[in-house]
Amino acid sequence: MNIGIFDSGIGGMTLLHQALVMLPNESYIFYADTDNAPYGTKSREQVIVLVDRVMQFMTEHDCKAVVIACNTATAAAAEIMRQKYLMPIIGIEPAVKPAIKESHGRRVIVAATPLTVREEKLQNLVRRVDDTHLVDLLALPRLVEFAERGEFVSDEVEQYLRTAFLPYALEDYAELVLGCTHFNYFKDTLRKILPENVHMIDGSEGTVRQLIHVLESNKQLENSIGKVRYFSSGRELKGEQELAYIRQLHERLEKMRKL
Ligand code: DGL
């Protein structure tokens with residue numbers, strides 16, 4: 001059986017990439033809802049409808065578990081989907097708790113999409129773990145647009161990020177939480193503009209660990225020759241050019257993973 005992984009777009013490949021490292025002997029269905037990206041600037045209601053459609057697709061494609069590789073979709077729709085579908089649903093969330101732990105009393109920026117920042121799920125999480133008010137939330141919607149058009153390193157990207165961080169006294173910060181899976185593609189530019197005291201953290205490793213835990217408890221871990229099928233809003237990507245682009249994205253993510 002397959003593990004379904006989905007996002008509004010190519011951001012979810014961050015999670016897939018990590019899953020292939022930690023769980024190489026599984027088969028994956030990767031679904032990017034590119035026709036409807038971005039999710040982060042939509043309403044909660046719109047995202048619920050879109051996520052439901054992807055979940056239907058996953059049930060029709062022999063998935064034993066689904067990973068919502070999109071912080072926005074997790075915030076808006078994970079609970080509702082868990083009530084509707086029987087298979088385990090694991091959702092990525094901004095790594096706020098580990099970031100606070102690592103920050104040792106210094107400040108933390110949680111960067112995410114506008115919808116994630118607005119959603120109660122994140123606000124509740126911050127309220128629960130941030131007793132001393134160390135966390136600032138920052139929406140970076142344009143990074144999703146840049147990523148979707150394959151613009152990962154450019155003057156425009158750098159300028160956008162420099163402007164976004166201008167209001168923060170970065171010497172007081174210890175952690176930047178990448179609370180949107182698209183943001184991992186920009187770790188090199190972020191590294192360039194952030195001072196050394198600011199460390200980057202994201203939720204993909206923790207989410208894959210949770211996936212492993214769920215599969216282990218359900219005795220569903222497999223030992224097959226892992227393969228991945230890629231879908232873009234329901235259409236399977238099979239063309240030489242499309243698959244070459246996917247390979248390029250994996251190469252970029254491998255570089256970013258090591259930063
Ligand atoms: N990659 C998604 C996330 O982690 C959202 C991007 C979007 O569609 O706005 O939140």
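A brief report on the enclosed structure follows. (Residues numbered from 1 in each chain as written. Predicted model: local features only at pLDDT ≥ 70, side-chain atom pairs only at ≥ 80, totals over all residues. Heavy atoms only, no water.)

### Observations regarding the overall build of the protein chain
Scanning the protein chain from N- to C-terminus turns up 11 helices and 10 strands. For the protein chain, whose C-alpha radius of gyration is 18 Å, the value lies close to the compact-globule estimate of 18 Å for 259 residues. Across the 259 residues that make up the protein chain, the buried fraction comes to 56%. Taking contacts inside the protein chain between residues at least 6 apart in sequence as the whole, the part at least 24 apart equals 78%. Carbon together with sulfur atoms contributes 51% to the accessible area of the protein chain, which is approximately 12000 Å² in total. (Helix = DSSP H or I, 4+ residues; strand = E, 2+ residues; numbered from the N terminus. Rg over C-alpha atoms; globule rule 2.2 N^0.38 Å. Buried < 20%, exposed > 50% of the residue type's maximum accessible area, 1.4 Å probe, protein only. Contact = heavy atoms within 4.5 Å. Areas by Shrake-Rupley, 256 points an atom, 1.4 Å probe, with all protein chains shown as cover.)

### Looking at the site of the ligand
What surrounds the ligand is a group of 13 residues, the closest being Ser8, Tyr39, Gly40, Thr72 and His182. The contact in question runs from an oxygen atom of the ligand to an N or O atom on the side chain of Thr72, over 2.6 Å. Coverage of the ligand by the protein amounts to 99% of the 300 Å² it exposes when considered alone. For the shell around the ligand, a count of residues per class yields 5 nonpolar, 7 polar and 1 charged. (Near = heavy atom within 4 Å. Polar contact = N/O pair within 3.5 Å; in protein donor to acceptor, adjacent residues only side chain to side chain. Nonpolar A, V, L, I, M, F, W, Y, C, P; charged D, E, K, R; others polar.)

### A closer look at the pattern of salt bridges
All told, the structure shown has 17 salt bridges when counted by the stated rule. Close ionic contact of Asp136 with Arg107 constitutes a salt bridge, the shortest N to O distance being 3.3 Å. Here Asp136, found in strand E6 (residues 135-139), pairs with Arg107, found in strand E5 (residues 107-112); they are 29 residues apart in sequence, far enough to count as distant. The partly exposed category is assigned to Arg107, whose relative accessible area is 24%. For the salt bridge of Arg252 with Asp188, the shortest nitrogen-to-oxygen distance reads 2.7 Å. One end of the pair, Arg252, is in helix H11 (residues 240-257); the other, Asp188, is in helix H9 (residues 187-193), with 64 residues separating them in the sequence. Here Asp188 falls in the partly exposed class, since its relative accessible area comes to 26%. Connected through shared salt-bridge partners, Glu26, Lys64 and Glu222 make up one network. (Salt bridge = Lys/Arg side-chain N within 4 Å of Asp/Glu carboxyl O.)

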